[in-house]
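Take a look at the letters that make up each chain.
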Amino acid sequence: MITLILIHPTQPIPVNRWTFKEKSVIRIGRAKDNDIVIYNAVVSRHHLELWNRESGWEVVSFGTNGTYINNKPLNQFFIKDGMVICLGNSGPRLMVKFSLGEMNKTPSSDESKDSQGSQTLTSDAFTTTEDMNKIQQQKEVLAEEKFEFEIDDDDDDDEGDSDDNSTTRIDFLE
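Residues numbered from 1 in each chain as written. Predicted model: local features only at pLDDT ≥ 70, side-chain atom pairs only at ≥ 80, totals over all residues. Heavy atoms only, no water.

**Q** When you look at the overall build of the protein in this model, what are you seeing that I'm missing?
**A** For the protein, the count of helices and strands is 2 helices and 13 strands. Counting only residues that meet the buried cut, the protein has 38% of its 174 residues in that class. A separation of at least 24 residues holds for 43% of the contacts in the protein among residues at least 6 apart in sequence. About 10500 Å² of surface is accessible on the protein, with carbon and sulfur atoms providing 45% of the total. (Helix = DSSP H or I, 4+ residues; strand = E, 2+ residues; numbered from the N terminus. Buried < 20%, exposed > 50% of the residue type's maximum accessible area, 1.4 Å probe, protein only. Contact = heavy atoms within 4.5 Å. Areas by Shrake-Rupley, 256 points an atom, 1.4 Å probe, with all protein chains shown as cover.)

In structure tokens, the structure reads:
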């Protein structure tokens, strides 16, 4: 199971959250046919895809404005629990949270190569001590914050079905 949390643009608080239980591909972008739709000028219609590989979740960026980890543009990379993906250099930020089973996956050296055999960069290459401290601070702030909110579950079926791509709208009250 993977959860993606949209982080507020100026504060380290969650704005929206999407959880996917058994999807093999998650599509993110501005277009309505994506699994996660984010309306923002720097987000492309089909900005990126997350692929659930046997060795872990891999991000493939298709966005014109790029996809960034730690202020570095990347086209294809594996993600880890707690990472923050930025859509465009200054665009929306998504924090990645895994279930325990997903956290134990690690990319093999063979799967770190693209179809032409060239090495793709994994997230480990860009995780510095300073970056890890920033991520930890963001996690601590999110964990300590108390929020008042209303939850509007868009899934109107009362049969208890659990869809792979449930969407919940969270409105924060002032």
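**Q** Just checking my understanding: could you explain the side chain of N34 for this structure?
**A** With respect to the element layout, N34 can be found in the loop between β3 (25-29) and β4 (36-37). Given the relative accessible area of 8%, N34 is considered buried. At 2.9 Å, the side chain of N34 and the backbone oxygen of A31 are in polar contact. Excluding anything up to four places from it in sequence, N34 contacts R27, I28, G29, R45 and H46. (Polar contact = N/O pair within 3.5 Å; in protein donor to acceptor, adjacent residues only side chain to side chain.)

**Q** Explain the pairing of strand β11 (residues 93-98) to me, please; I cannot follow it from the model alone.
**A** Consecutive side chains along a regular strand alternate between the two faces of the sheet. As paired strands, strand β1 (residues 2-7) and β11 are joined by 6 bridges and run antiparallel to one another. Note on β11: the bridge partner recorded for T3 is K97. With 3 bridges connecting them, strand β10 (residues 84-87) and β11 associate as antiparallel partners. Note on β11: the bridge partner recorded for V84 is M95. Remark: 5 residues form the turn of the hairpin made by β10 and β11, two consecutive strands paired antiparallel; G88 in that turn has positive phi of roughly 80°. (Pairing = 2+ DSSP bridges.)

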